[in-house]
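A structural walkthrough
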Amino acid sequence: RAAAIRARDAFEDPSGDLWTARNAFVTCLKESSEASRDAWCRRRFLAAPAVKAASRVLKQLRDQLDAEVYVPEAPPPRDKARTEALDTLATAFCVANCAIR
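Note that the structure is predicted; figures quoted are calculated from it, not measured.

What follows covers the state of the cysteines. As enumerated under the stated definition, the model contains zero disulfides in all. Here C28 stays free of any disulfide, with the sulfur of C41 as its closest cysteine sulfur at 3.9 Å. Overall, C41 belongs to the buried group, its relative accessible area being 0%.

Pasting the structure below:
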């Protein structure tokens, strides 16, 4: 139990659980590959299937926005507002599906 609390503290955000879960999700995506994600999550007491589900949703949202908003042949760089909107949606899904054990 103490190890789980210490693991959660690494992602802790004073703004609350939503940001703590977002930090865990973003850190997981940055620090692990798909092949190493299960072990990475286990070491940090995160639910790997939930992280994978949130990752799939994030990819689907990005793909959908790219297909409907941009010309597929020459997509421009992602703008800040769009990136923030996707980040917010991914965070919401992450919180719903990626509870820290």
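Counting 13 residues, the largest nonpolar core has F25, W40, C41 and L46 as its most contacted members. Of all the secondary-structure elements, those providing two or more residues to this core are α2 (17-31), α3 (37-43), α4 (48-69) and α5 (80-97). If one sorts the elements of this core by residue count, α4 sits on top with four residues.

Looking now at the pattern of salt bridges. With the rule as written, the count across this model stands at four salt bridges. Salt bridges here are not isolated pairs; linked through shared partners, they connect R8, E12 and D17.

Conventions and cut-offs
- Residues numbered from 1 in each chain as written.
- Predicted model: local features only at pLDDT ≥ 70, side-chain atom pairs only at ≥ 80, totals over all residues.
- Heavy atoms only, no water.
- Disulfide = S-S within 2.5 Å.
- Buried < 20%, exposed > 50% of the residue type's maximum accessible area, 1.4 Å probe, protein only.
- Core = buried A, V, L, I, M, F, W, Y, C linked by side-chain atoms within 4.5 Å.
- Helix = DSSP H or I, 4+ residues; strand = E, 2+ residues; numbered from the N terminus.
- Salt bridge = Lys/Arg side-chain N within 4 Å of Asp/Glu carboxyl O.

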